[in-house]
Amino acid sequence: MKVIVDMDVCKDHGQCVFSAPEVFQINENGRLVFEAEPDESLRDAVEEAADVCPLQAITIEG
Amino acid sequence: MGQRIVIAGASMGGLRAAERLRASGFMGEIVAVGDETHMPYNRPPLSKEALASEVTHEAVAFRLRPAVADVTWRLGVRIASADLAAGAVRLADGAELAYDGLVIATGMRPRRLPTPGPALGRHVVRTLEDACALRGELGPDARVLVIGAGFIGCEVAATARLLGADVTVVAPEAVPMRRPLGDDLGAALQRRHERQGIRFLLGRTVAAFLGEDRVTGAELSDGTRLDANVVVEAVGSASNTEWLDGNGLDLSDGVLCDNALRVEGRPGVVAVGDVARFPNPRYDGVARRVEHWSIPTDTAKRAAVTLMTDLGLSGHDPAPFTPLPTFWSDQYDLRIQSFGTPALGGDDIRVLEGDLDGEVVVGYHRDGALVGVVMIGLPSAVARYRAELMRGPAAA
Ligand SMILES: Cc1cc2nc3c(=O)[nH]c(=O)nc-3n(C[C@H](O)[C@H](O)[C@H](O)COP(=O)(O)OP(=O)(O)OC[C@H]3O[C@@H](n4cnc5c(N)ncnc54)[C@H](O)[C@@H]3O)c2cc1C
Ligand code: SF4
């Protein structure tokens, strides 16, 4: 599973963080950082993160 | 197998319901009926980013999970009526659809002003078509009159201003976004809008629109006359529930549901999204509708479990449904985020961090307990306040 975040679209809302904290984090500068190839066991959480992103900036491949 | 669930309304709530039904293991047929011609799309950008650039379905369409590939979408057709006792809905084209389970996800439509005057040049913003029509009229030559100073009104005003238009906001309340933000934060946001060049004429309403075929201006309740060639009516919304008339439901404000999103006394019928009025034990037993983007996803999750139980496909999930309402609004470069239910804490509002004219966290309290937080900026503090609200009012 590959996670892609369109950083031109992402506005660091941080909603994704609440659904999949293992994959998405907001750093101390308030910017999004994320794990691009998370473990398959996190798929549900990542799907949910993609759903709750207000900007719909997250896509999942594979 | 062999069971059919009909989803009424093919927007965010309808899509999320279909996804959650599949995720809960429903293997039967799912038919989603929607009167818009598009596959489900995201509305918030219609007053923000999309309105500022280009409004296309592609730009706002929701991602479709593979799990909903076999859902039947009947788009561009309205449900005219429902017979809940018989378990069937009738479509405007005359077709009848029987169901074993029904998801009500018909959402809201904008209220229109009964104000006399020409209709041409008057807009609302709910659908893609609405936003396209408005986008076509916005630009440096536009003189825009926004009626209503709630979130959608203020967002449209900000976007129109970014596009170079001359913008005036008229509303009956004394400060914008007063409900739920309160006087002080509302006034602070007004100052920010004014600094961008937006004019506010508050404490007034529009008495008449001026012009022959097309709006050329408006006369306000205090006699003021304004020039305007584009009018945006952002004066709230009404529930799309007429199709449910005649079934003995409480439709006084959306569809009354229990905490499991089941329509009162109707096993196999649930409501989700903007139209669902349900009690949230996080606060009290009062049923409320919540027009926030987080709610279609949260309610669909719970409603799918309820339907699975009612259809005899899974056991009962006894956990109470206590979603934390989450809302955001973007105006210029300002990110306004709200967690919880600030409107319940309107009598005890405190600045918790920062200051009202910069980055700020405002807390709303009921009986001394924190029930809602509104933040401007301060992204690194979001998680902390959200966690505090998740623990519940009792902990504050
Ligand atoms: C311009 C705008 C900006 C917004 N911005 C924000 C924001 O910044 N933050 C936030 O939290 N929320 C925002 N919201 C609110 C958010 O978009 C809604 O909460 C969400 O769209 C609700 O989804 P829903 O599926 O419940 O209802 P809706 O999206 O209203 O969907 C209902 C669907 O049912 C269809 N329908 C109605 N009646 C029938 C019928 N009889 N037969 C068939 N189909 C029918 C409708 O046409 C519609 O497609 C905004 C809303 C708008 C309009
Ligand atoms: S929720 Fe979306 S916009 Fe917000 S940080 Fe995550 S990816 Fe970015």
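Anything mentioned here points back to the structure above.
Residues numbered from 1 in each chain as written. Chains lettered and ligands numbered in written order. Predicted model: local features only at pLDDT ≥ 70, side-chain atom pairs only at ≥ 80, totals over all residues. Heavy atoms only, no water.

S.K.: Sorry if this is basic, but what is going on with the overall build of chain A here?
M.R.: A tally of regular secondary structure across chain A gives two helices and four strands. The linear arrangement of helices and strands in chain A, starting from the amino end, is β-α-β-β-α-β. Radius of gyration (C-alpha) of chain A: 10 Å, near the 11 Å computed for a compact globule of 62 residues. Overall size of chain A, expressed as C-alpha extent along the three principal axes, is 30 × 20 × 15 Å. Within chain A, the proportion of its 62 residues that are buried is 50%. Residue pairs in contact within chain A that sit at least 24 positions apart in sequence constitute 60% of those at least 6 positions apart. Of the roughly 3100 Å² of accessible surface on chain A, 46% is carried by carbon and sulfur atoms. (Helix = DSSP H or I, 4+ residues; strand = E, 2+ residues; numbered from the N terminus. Rg over C-alpha atoms; globule rule 2.2 N^0.38 Å. Buried < 20%, exposed > 50% of the residue type's maximum accessible area, 1.4 Å probe, protein only. Contact = heavy atoms within 4.5 Å. Areas by Shrake-Rupley, 256 points an atom, 1.4 Å probe, with all protein chains shown as cover.)

S.K.: What's the story with the pattern of salt bridges in this structure? I'm lost.
M.R.: Tallied over the full model, the rule gives 37 salt bridges over all chains. Lys11(A) is paired through a salt bridge with Glu49(B); the nearest N and O atoms lie 3.5 Å apart. In this pair, Lys11(A) sits in the loop between β1 (2-5) and α1 (15-19) while Glu49(B) sits in helix α2 (residues 49-52), so the two residues belong to two different chains. The class for Lys11(A) is partly exposed, based on a relative accessible area of 32%. In this structure, the salt-bridge partner of Arg43(A) is Glu40(A), at a minimum N-O distance of 2.5 Å. (Salt bridge = Lys/Arg side-chain N within 4 Å of Asp/Glu carboxyl O.)

S.K.: I tried to follow the site of ligand 1 on my own but got confused; where do I start?
M.R.: Residues and elements named next belong to chain B. Inspection of the region around ligand 1 gives 33 residues, with Asp35, Glu36, Arg43, Lys48 and Asp274 positioned closest. Serine 11 is positioned such that a nitrogen or oxygen atom in its side chain is 2.7 Å from an oxygen atom of ligand 1. Elements that contribute at least two residues to the shell around ligand 1 include exactly α1 (12-23), β2 (29-34), α5 (151-162) and β22 (326-331). Of the residues belonging to the shell around ligand 1, the class tally is 14 nonpolar, ten polar and nine charged. Taken together, domain 1 (4-45 + 61-109 + 237-310) and domain 2 (112-233) each give at least three residues to the shell around ligand 1, which thus spans both. (Near = heavy atom within 4 Å. Polar contact = N/O pair within 3.5 Å; in protein donor to acceptor, adjacent residues only side chain to side chain. Nonpolar A, V, L, I, M, F, W, Y, C, P; charged D, E, K, R; others polar. Domains from an automatic or database assignment.)

S.K.: What is the right way to read the site of ligand 2 from this model?
M.R.: Residues in close proximity to ligand 2 include Val5(A), Cys10(A), Lys11(A), Asp12(A), His13(A), Gly14(A), Gln15(A), Cys16(A), Leu32(A), Cys53(A), Pro54(A) and Ile58(A), which together make up its full environment. Here the shell around ligand 2 is built from residues that sort into seven nonpolar, three polar and two charged.

S.K.: Looking at this model, I keep getting lost on the pairing of strand β10 (residues 143-147) of chain B. Mind explaining?
M.R.: All names here are of chain B. The buried fraction of β10 amounts to four of the five residues, a majority that puts the element mostly inside the structure. Both β10 and strand β11 (residues 166-171) contribute to a ladder of five bridges, which runs parallel. Across the sheet, residue valine 146 finds its bridge partner in β11, namely valine 169. After leaving β10, the chain enters α5 and then returns to the sheet as β11, a path that is right-handed. Relative to strand β16 (residues 230-233), β10 runs parallel, the two being bridged by four bridges. The residue bridging valine 144 from the neighbouring strand is valine 230, located in β16. (Pairing = 2+ DSSP bridges. Right-handed = clockwise from strand over helix to strand, strands pointing away.)

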